[in-house]
Amino acid sequence: KYFTSGGSTGANAHVYLTPEEYSCAQATQLYWLKNIGYQFGDPIIQIGIRKKHRDITKKIKDVLLKTDYIYYFDMSEEERVQMLKKNSRKRDIFYIGFPNIALEIMDLCIKHHINLKIKGILSYGELLTDEAYHALKSHFNCPILNTYGCQEGVLICAGLKPDMMPIMMQNVYMEIVDDYFTPVKDGEVGNILLTNLNAFNMPLIRYQIKDCGAIKL
């Protein structure tokens, strides 16, 4: 399976993972969902960006995991409202997607008096701010898992607080260095280097993703 980085912080990178290596990422995402109460059979709303072909394996996954895969950015407000009304008839829904879209969904539910029964939120793809975290927590009253990864197939860290995300050390070795690749002090912000511990056919070793971060021991 090929992965292509978004290119938002540099040139696009293309990475190949075997099915066995890719399954590690899938298992990690299921592990993350279990951390917010997900059980097999619970319905899922997952946010996609733009309409694209979903191969047969993904379609089978959607059916087996009761996933409503939403191309949110291609929908009008009326279509979004109808989608939310349809999903409001379900119980114990888990949301997977961007936190800002979750906020928009929250606002639509308030505006149109829709009782969407969200049991857990898995946030990815962008920064989950303190304001967004507390707004979603207040409205849906459910656990929110903040996650961080890169599109090269590495799921890096996740946590139930927006300012604290334990590193998934079984997946990745993470380093924080300065511009001269010298390790920085504990808690100091620097450039992120990643070594994917699950990639063997196309290794990523001390891979610089052009993000900045800090590790607090």
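Residues numbered from 1 in each chain as written. Predicted model: local features only at pLDDT ≥ 70, side-chain atom pairs only at ≥ 80, totals over all residues. Heavy atoms only, no water.

### Focus on helix α3 (residues 77-87)
Count 3.6 residues to each turn of an α-helix, and residues three or four apart come out pointing the same way. For α3, the full list of buried residues reads Arg80, Val81, Met83, Leu84 and Asn87. Down the axis of α3, the sector holding all buried residues measures 160°, keeping them to one side. Packed against the buried residues of α3 are β3 (44-48), β4 (67-71), β5 (93-97) and α4 (99-111). (Buried < 20%, exposed > 50% of the residue type's maximum accessible area, 1.4 Å probe, protein only. Helix = DSSP H or I, 4+ residues; strand = E, 2+ residues; numbered from the N terminus. Arc of directions from axis to C-beta. Contact = heavy atoms within 4.5 Å.)

### Some thoughts on the pairing of strand β8 (residues 154-159)
Where burial is concerned, most of β8 is hidden: six out of the six residues are buried. Counting the residues between successive antiparallel strands, the hairpin from strand β7 (residues 144-150) to β8 contains three residues, one of them, Gly153, with a positive phi of roughly 90°. (Pairing = 2+ DSSP bridges.)

### Description of the side chain of Thr67
Tracing the sequence through the fold places Thr67 in strand β4. Look at Thr67 and you get buried, because its relative accessible area is 11%. Contact partners of Thr67, with chain neighbours within four places excluded, come to Ile44, Gln46, Lys61 and Asp62.

### Here's the deal with empty space enclosed by the protein
Per the counting criterion, the structure on display carries two cavities of 30 Å³ or more. Its volume calculated, the largest cavity comes out at about 70 Å³. Lining the largest cavity are Leu17, Glu21, Cys24, Ala25, Gly153, Val154, Leu155, Asn171, Asn196 and Asn198. Secondary structure elements with two or more residues in the lining of the largest cavity: α1 (19-35) and β8. Here the element with the most residues in the lining of the largest cavity is α1; it accounts for three residues. Approximately 30 Å³ is the volume found for the second largest cavity. In this structure, the second largest cavity is lined by Tyr95, Ala102, Ile105, Leu116, Ile118, Ile121 and Phe140. Counting residues per element, the ones that place at least two in the lining of the second largest cavity are α4 and β6 (118-123). Split into classes, the residues belonging to the lining of the second largest cavity amount to seven nonpolar, no polar and no charged. (1 Å grid on protein atoms, 1.4 Å probe; cavity = no way out; pocket = protein on both sides within 12 Å on 5 of 7 lines; lining within 4 Å. Points joined across faces, edges and corners; volume = space filled by probe spheres on them. Nonpolar A, V, L, I, M, F, W, Y, C, P; charged D, E, K, R; others polar.)

### Here we look at unusual backbone geometry
Backbone geometry at Lys66 places phi at a positive 50°, although glycine is not the residue there. Within the secondary structure, Lys66 sits in the loop between α2 (56-64) and β4. Take Lys66: its relative accessible area is 49%, and that puts it in the partly exposed class. Positioned with a positive phi, Phe181 is a non-glycine residue whose angle comes to about 65°. Positionally, Phe181 belongs in the loop between β9 (172-177) and β10 (190-196).

### Observations regarding α4
Its 13 residues give α4 an end-to-end C-alpha distance of 18 Å, which sits within 8% of 18 Å, the value for a rise of 1.5 Å per residue. Taken residue by residue, α4 has Pro99, Ile101, Ala102, Leu103, Ile105, Met106, Leu108 and Cys109 as its buried positions. Just downstream of α4, His113 is the residue with a positive phi angle, here 55°. (Expected span 1.5 Å × (residues − 1).)

### Quick look at the pattern of salt bridges
Counted according to the given criterion, the structure contains six salt bridges. The salt bridge partner of Glu104 is Arg80, with a shortest N-O separation of 3.7 Å. Pair noted here: Glu104 is in helix α4 and Arg80 is in helix α3, with a separation of 24 residues, a long-range link. Residue Glu104 is classed as partly exposed on the basis of its relative accessible area, which comes to 36%. Since its relative accessible area comes to 15%, Arg80 is described here as buried. Asp186 is the salt-bridge partner of Lys216, the closest N and O atoms lying 3.9 Å from each other. With Lys216 in the segment after β11 (207-213) and Asp186 in the loop between β9 and β10, the pair connects residues that are 30 residues apart, well separated along the chain. For Lys216, a relative accessible area of 68% corresponds to the exposed category. (Salt bridge = Lys/Arg side-chain N within 4 Å of Asp/Glu carboxyl O.)

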